[in-house]
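Fold and geometry: a report
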Amino acid sequence: MKTRFTLLLIFLFSVHAFAQEILVNGTVVSAEDNIPVPGVSVIVKGTSRGVSTDFDGNYSIKVQSGEVLEFSFLGFKPQSVTILTQTTVNISLEPDIASLDEVVVIGYGQMKSKDLTSAITTIKAEELATVPTGSAMQAMQGKVPGLQIVSNGSPGQGPTIRVRGIGSYLGGASNPLFVVDGMFFNNIDFLNTSDIASISVLKDASASAIYGVRAANGVVLIETKSGGFNKKAEITYDGYSGYQVAQNVLKVANAEQFTTLALESGSAPDAQFILNAMQRYGRSRVNPNIPDVNTDWYDKIIRLGLIQSHSIGVTGGADNVKYSVGANYFGQEGILKMKNEYDRFNLRSKIEFKANDWLKIGANTVLSNATRYDGENSAWRTAYFAVPIMPVLDPNLLNDPNVFPKNYANAQDLGYRGGQNPFPLMDLSENRTKIRNVLANFYAEISLIPEKLTFKTAYNHNFESLESRNVDLPYFIGNNFKRDDATLRKSNTTISNQIWDNTLTYNQIFDKHDVTVLAGASFRDESFQSIGATGLNFPLTGDEAYYLDQAQTIVESSVGDGGSREYGLSYFGRVSYSYDDKYILYGTFRADGVRKYIEKWGYFPTVGLGWVVSQEGFMKENGVLSFLKLRGSWGKLGNDKVPSQSGAITSSVVTTALGDTLFSGLLTSSDFSALKWEVTEEINVGITARLLDDNLSIEADYYIRDTEDAVIPVERPLVPGVTLQNVGEIRNSGLEVSLNWSKRVSDDFSYNIGGNFSTLKNEVLNLSGQPHLDAGSAEFRQRSIVGEPIFAFFGREVDGIYQNNAEIQADPVAVANGLVPGDFRYKENGGDPDTIDDDDRVVLGSYLPTYSYGFSLGFNYKNFDFTLSGTGQGGNKILNRKRLEVIFTSDTNWDRDFAINRWHGEGTTNSYPSSAAVRKGWNQRLNDYYVEDGDYFRLQNITLGYTINKNRNNESMPQVRIFLTAEKPLTIFNYNGFNPEVSNGVDNQTYPVPAIYTMGVNIKI
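Scope of this entry: the structure provided in the associated data block. (Residues numbered from 1 in each chain as written. Predicted model: local features only at pLDDT ≥ 70, side-chain atom pairs only at ≥ 80, totals over all residues. Heavy atoms only, no water.)

What to know about the overall build of the chain
Within the chain one finds twelve helices and 53 strands. Compactness check: the chain gives a C-alpha radius of gyration of 34 Å against a globular reference of 30 Å for 1005 residues, within 12% of the reference. Every one of the 1005 residues in the chain was classed for burial, and the buried ones make up 51%. Here the contacts in the chain between residues at least 6 apart in sequence split such that 69% fall between residues at least 24 apart. Summing over all exposed atoms, the chain offers an accessible surface of approximately 43,900 Å²; the carbon and sulfur share of this is 55%. With 89 positive and 112 negative side-chain charges, the chain shows a separation of 5 Å between the mean positions of the two kinds. (Helix = DSSP H or I, 4+ residues; strand = E, 2+ residues; numbered from the N terminus. Rg over C-alpha atoms; globule rule 2.2 N^0.38 Å. Buried < 20%, exposed > 50% of the residue type's maximum accessible area, 1.4 Å probe, protein only. Contact = heavy atoms within 4.5 Å. Areas by Shrake-Rupley, 256 points an atom, 1.4 Å probe, with all protein chains shown as cover. Lys, Arg positive; Asp, Glu negative; His and termini not counted. Charge placed at Lys NZ, Arg CZ, Asp CG, Glu CD.)

Notes on the pattern of salt bridges
According to the stated counting rule, one finds 47 salt bridges in the structure shown. The salt bridge partner of Lys 350 is Asp 181, with a shortest N-O separation of 3.5 Å. A residue pair is termed long-range when its members are at least 10 positions apart, and Lys 350 in strand S20 (residues 341-354) and Asp 181 in the loop between strand S13 (177-180) and strand S14 (183-185) qualify at 169 residues. Residue Asp 181 is classed as buried on the basis of its relative accessible area of 9%. One salt bridge connects Asp 413 with Arg 280, and the closest N-O pair in it is separated by 3.5 Å. You can see Asp 413 sitting in the loop between helix H7 (378-385) and helix H8 (423-427) and its partner Arg 280 sitting in helix H5 (residues 268-281), a full 133 residues away along the chain. Arg 280 gets classed as partly exposed once you look at its relative accessible area, which sits at 26%. Three or more residues joined by partner-sharing salt bridges are found here, namely Arg 164, Lys 203, Glu 682, Arg 705 and Glu 736. (Salt bridge = Lys/Arg side-chain N within 4 Å of Asp/Glu carboxyl O.)

As for helix H4 (residues 255-264)
Every α-helical turn comprises 3.6 residues, leaving residues that sit three or four positions apart pointing alike. Those residues of H4 lying buried are Ala 255, Gln 257, Phe 258, Thr 259, Leu 261 and Ala 262. Looking at the buried positions of H4, the neighbouring elements they touch are H5 and helix H12 (896-901). One side-chain oxygen at the N-terminal end of H4 lies 3.2 Å from the backbone nitrogen of Glu 256; it belongs to Asn 254. Directly after H4, the chain includes Gly 266, whose backbone phi takes a positive value near 80°. (Polar contact = N/O pair within 3.5 Å; in protein donor to acceptor, adjacent residues only side chain to side chain.)

Observations concerning the pairing of strand S48 (residues 877-880)
Looking at chain direction, S48 and strand S49 (residues 931-933) are connected through three bridges and run antiparallel. Of the residues in S49, the one forming a bridge with Ile 878 is Glu 932. As paired strands, S48 and strand S52 (residues 986-987) are joined by two bridges and run parallel to one another. Residue pairing in the sheet places Asn 880 in a bridge with Asp 987 of S52. (Pairing = 2+ DSSP bridges.)

Digging into the packing of aromatic side chains
For the structure shown, the criterion picks out 32 aromatic pairs. Each ring, one from Trp 380 and one from Tyr 991, has its centre 5.3 Å from the other, and the planes form 70°; the classification is edge-to-face. Pair noted here: Trp 380 is in helix H7 and Tyr 991 is in the loop between S52 and strand S53 (995-1004), with a separation of 611 residues, a long-range link. A relative accessible area of 6% means that Tyr 991 is categorised as buried. Here Phe 757 and Tyr 851 contribute two aromatic rings whose centre-to-centre distance is 6.2 Å and whose plane-to-plane angle is 25°, an arrangement assigned as stacked. Taken together, the residues Phe 757 in strand S38 (residues 749-759) and Tyr 851 in strand S46 (residues 851-861) connect sequence positions 94 residues apart. (Phe/Tyr/Trp six-rings, centres within 6.5 Å; stacked < 30°, edge-to-face > 60°.)

Let's talk about the pairing of strand S19 (residues 321-333)
Of the strand pairs in this sheet, strand S18 (residues 305-317) and S19 are connected by eleven bridges, and their pairing is antiparallel. Residue pairing across strands places Ile 307 opposite Gln 332, the latter belonging to S19. Linking S18 back to S19 in an antiparallel pair, the connection comprises three residues. Pairing of S19 with S20, which is carried by 13 bridges, proceeds in the antiparallel orientation. Along S20, the bridge assignment pairs Val 325 with Ser 349.

Structural notes on the environment of Pro 605
With respect to the element layout, Pro 605 can be found in strand S31 (residues 601-612). C-alpha of Pro 605 to C-alpha of Ser 206: the two residues are 399 residues apart in sequence and 8.5 Å apart in space. Sequence-distant contacts of Pro 605, defined by excluding residues within four places in its chain, comprise Thr 588, Phe 589, Trp 634, Gly 635 and Lys 636.

Comments concerning the nonpolar core
Counting residues in hydrophobic clusters, the biggest one holds 106 residues, and the most contacted among them are Tyr 298, Ile 301, Trp 380, Ile 389, Tyr 416 and Leu 879. The contacts of Ile 389, once residues within four sequence positions are left out, are Ala 255, Phe 258, Phe 273, Ile 274, Ala 277, Tyr 281, Pro 291, Val 293, Leu 414 and Tyr 416. (Core = buried A, V, L, I, M, F, W, Y, C linked by side-chain atoms within 4.5 Å.)

Here we look at the side chain of Asp 394
Mapped onto the secondary structure, Asp 394 falls in the loop between H7 and H8. Looking at Asp 394, its side chain comes within polar contact range of the side chain of Tyr 281, at 3.0 Å. Only 2.8 Å separates the side chain of Asp 394 from the side chain of Asn 396, close enough to count as a polar contact. If we skip the residues at most four places from it in the chain, Asp 394 touches Arg 280, Tyr 281, Asn 407, Tyr 408, Ala 409 and Asp 413.

Here's what the structure looks like:
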């Protein structure tokens, strides 16, 4: 009996030992960079027991010997480990490229990327963080195919954004919609880039349609950073400081070149002006035939500009709450040497609270307070034209009692017609705008049926205040170079946009079916008010006198007080259905109601289909493709950015004599525009693929986007003038391809290479029988013609330069127009070989690029990281209006390219006219000499970083990353200007886009 009892005890002890709980600890890191991964789900397989890793990637869990721990996290391949006796299990998760974007933010919800049928590109915060800029959209340049971003170098001014071309004839009607945490905006320049978690560009109608009438030109969807439930508080600091440097500074003719041009022109006054300069300022010691002054005006007005940004944030959460709060200061000096700068201070908070099992409430707020001093943009134009034989300050005027406030040099003292000195405008002008934005978003989410039916109500309010003050102080340098009055222009504008959204979302998964249905209603209230006036001659004692009540005179005609208010009501629905993760159906329908048009309601459907080919049996274990999806979509969208219907019907009595009798009649005319919806219809087909062990990803789309019922001006029959009518049609079509390769070579080294390419064909399809529509002045004509791009440059084609008198005599056109060698020879396109006139004009190109591209590469080696990106475009044209403005005056300077390459004798050039020719009307017609190629290639960003305590091995020390960044350090182009980025293609006084060099640090505690 004793022996049996002993054996029983041994058996029970053995069972207990086998089944005893083991406390397992460990750390989970990313295999790509060894950085701890917080929030990893650690579950005991087959049970509901589990924990999540903390901020440092650590976890602790009790398991029984023989159980299996499963580690999973979005964007990484899951791993499983069987626990026997080990108490420490450290895990290195491999990235799962095929699922990195598994969840994509879409309108009023999220979707798995494998279920998307639309063209959506998402850029994460990590890709934006390396760009030193005050505009988040500037950081997107070159990263998204089909997204054109035209940079603006002026502090506080955002870039021009276009998604898949231009679909409206009216200016401003082709801008995309920006949605920040559910709130609608026309731009997001007030946002701090480091506060953004992701930016998604919804490019096709199927993706954008859920947002209705403001989304016809694409949607840019921004999600700000959030905290996490049960997440240890993380404190971060991100900051950088550096300088902006003007690059590719346009070279203009120096004193010697300018003198040569003036003497070659054959103009006696120009030759006399040179003598006047030598008499006033002396002769050069190097060359006594030119004046002693040699001013590089661009060098004089340009400076280095400081740029800096400092952000601090705290994110985290507990069982029932998650939060993210932060503050940012951004400061940027302009490179124009005057009061030209931008400062912005932001505060943000984002909090979500689980009130109980069925209710979540949340609030997001952003407070932005900015002050922008705009440069005097005319300074760029004035510096281009200013003659180099004149100094900034004239010593001859130093003691002149009639000159104030400084002895600025005056070109009129040399005989020229204009003053030509940009410094009086720069020194005595101040253009200040105070910009305040308040974004408030409050929501409640109710789980009516757990994990199936959810109701969400959200109220969004954006309030923006613009306080503008422009001060122009008087000066006197000469009778025609002066500003008599001190002028103060002030205006206050307030903008209030409110949106109330209510949505009901149902999700059901049964067998192989996955269905999500969304139904919603939205009410919006948009209003603005503005008041302004101009005062003259106030005390010149500084800021304290810059008030209208100090002015001697209020300009009555300048007083304005106006505003508007617009309401909109919308109903929308969406169905997303997936069968067996293979076959996808996606559809939306939206009804939008406004009071702007004769049609109060617009109805806009979309549908999308997807086929995950890689899930089919014949694709299993093919060894190459791990994921392949074919997708297509069709949709219609209304555009309410075109103006509302307006105008009037007028009548007048007309009396005329017929024989000896007077007859009276009623003449009625109308300029009333009875407008309806401008509708965009789009077809998109594409593929999404992952292959070669998920190292290579491919996205490709082809689209055709037609703007039907486009609002265009139409001439009224029998009555002068035009009305706006919905009778035009504009098409944009193109191909977009994006490829990305990522490879982890070893524990210490990984790299990635990516690129994208897109094409764009913009074409006018219908003008309601009109031969064309003209834009711009007669001298700078842009014309829209059926079969050609919208707003194409329209002028004469140059067929060379007349080289000698024999060529002149052999050409009846040259003889008839009194031409000489050095003049342009134009192509005859009008049918009469003996005449060159306006009938010979042709389309010279469009400012819209026909193709664009971007690329990136990067690597991580131990604690070092390196990224390089670039972008470029081609096929677009730029009207160099600065050159063509010779039609207004002929006594200014010229760019150095012309000075060097001008025609100055037979055989010297067959492209450039002579210095005498550019002063003749024949050569001052808009032609393809003045319309130049806008192609460019740019190194967009180079960043090198080093991380201290990268793997957080020392828990008592913060993780610190130090980095150096060069933004836009190299741009290669042939256009004769500062840069080839001109938003509307007409370069008159474009603010240069500088290169930016910074040093920064990221700290995580």
